[in-house]
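Residues per chain, in single letters:
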Amino acid sequence: MDTKSLVKLAKSLSDPTRLRMLQEIARAQRLGCANLYEFVPISQPSMSQHVKALVDSGLVHSCKEGRNMCLTINTEKLLELESFLQLLKMP
């Protein structure tokens, strides 16, 4: 994982709202943006910004289904992050 990607990912994870969103997407495995309002009661523009940050960091995949945006966890990106963190543990 390159430094630029790691910084973007870390910034994305540093926000409590995005962390909560990520947890709910992971729990549901596939979640529509409209459903996120149940867990994170924020304005639509704020929701869009947070979703964009998660997608841009690579943590979340988005796909448009009709008028709705569906979100899923990008497991490959999580594995990259896990590998990076494991490297930090090595002596």
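Residues numbered from 1 in each chain as written. Predicted model: local features only at pLDDT ≥ 70, side-chain atom pairs only at ≥ 80, totals over all residues. Heavy atoms only, no water.

A word on the overall build of the protein
Okay, step 1: Helix and strand counts for the protein stand at five helices and three strands.
Okay, step 2: For the protein, the α and β elements follow one another from N to C terminus as α-α-β-α-α-β-β-α.
Okay, step 3: When the backbone C-alpha atoms are referred to their principal axes, the protein occupies close to 50 × 20 × 20 Å.
Okay, step 4: Counting contacts in the protein only where the partners sit at least 6 residues apart, residues at least 24 apart contribute 50% of the total.
Okay, step 5: For the protein, the exposed area adds up to about 6,100 Å²; of that, 57% sits on carbon and sulfur atoms. (Helix = DSSP H or I, 4+ residues; strand = E, 2+ residues; numbered from the N terminus. Contact = heavy atoms within 4.5 Å. Areas by Shrake-Rupley, 256 points an atom, 1.4 Å probe, with all protein chains shown as cover.)

What to know about the side chain of Arg18
Okay, step 1: Here Arg18 lies in helix H2 (residues 16-28).
Okay, step 2: One buried charged residue, Arg18, forms no salt bridge at all, with the nearest opposite charge on Asp15 at 4.2 Å.
Okay, step 3: Polar side-chain contacts of Arg18 include one of 3.1 Å to the backbone oxygen of Ser12.
Okay, step 4: For Arg18, the residues in contact, after removing those within four places along its chain, are Lys11, Ser12, His50, Ala53 and Leu54. (Buried < 20%, exposed > 50% of the residue type's maximum accessible area, 1.4 Å probe, protein only. Lys, Arg positive; Asp, Glu negative; His and termini not counted. Salt bridge = Lys/Arg side-chain N within 4 Å of Asp/Glu carboxyl O. Polar contact = N/O pair within 3.5 Å; in protein donor to acceptor, adjacent residues only side chain to side chain.)

Here we look at the UniProt feature "domain: HTH arsR-type" (unreviewed entry) in the protein
Okay, step 1: With numbering matched to this structure, UniProt assigns "domain: HTH arsR-type" (unreviewed entry) to residues 1-91.
Okay, step 2: In residues 1-91, the share of helix is 63% and the share of strand is 15%. The end C-alpha atoms are 19 Å apart. (UniProt positions renumbered as here; feature names shortened; annotations may be inferred.)

What to know about the layout of surface pockets
Okay, step 1: Computed from the structure, the largest pocket encloses a volume of approximately 160 Å³.
Okay, step 2: For the lining of the largest pocket, the secondary-structure elements that each account for two or more residues are helix H3 (33-36), helix H4 (44-57) and strand S3 (68-73).
Okay, step 3: Top contributing element to the lining of the largest pocket by residue count: H4, with four residues.
Okay, step 4: Each residue belonging to the lining of the largest pocket can be placed in one class, and the counts come to six nonpolar, five polar and one charged. (1 Å grid on protein atoms, 1.4 Å probe; cavity = no way out; pocket = protein on both sides within 12 Å on 5 of 7 lines; lining within 4 Å. Points joined across faces, edges and corners; volume = space filled by probe spheres on them. Nonpolar A, V, L, I, M, F, W, Y, C, P; charged D, E, K, R; others polar.)

What to know about the sheet that holds strand S1 (residues 31-32)
Okay, step 1: Taken in spatial order, the three strands line up as S1-S3-S2 in an open sheet, and their pairing is antiparallel. Edge positions in the sheet fall to S1 and strand S2 (60-65), since each of these pairs with one other strand and no more. (Pairing = 2+ DSSP bridges.)

Quick notes on the packing of helix H1 (residues 3-13) against helix H5 (residues 75-89)
Okay, step 1: Following both chains from N to C, one finds H1 and H5 inclined at 105°, their axes separated by 12 Å at the closest point. Put simply, H1 runs roughly perpendicular to H5. Taken together, the residues of H5 that come into contact with H1 (itself represented by Ser5, Leu6, Leu9 and Leu13) are Lys77, Leu81 and Phe84.
Okay, step 2: Its residues assigned to classes, the contact of H1 with H5 shows five nonpolar, one polar and one charged. (Axes fitted to C-alpha atoms, helices over the stretch in contact; angles between N-to-C directions. Parallel < 35°, antiparallel > 145°, perpendicular 65-115°, else oblique.)

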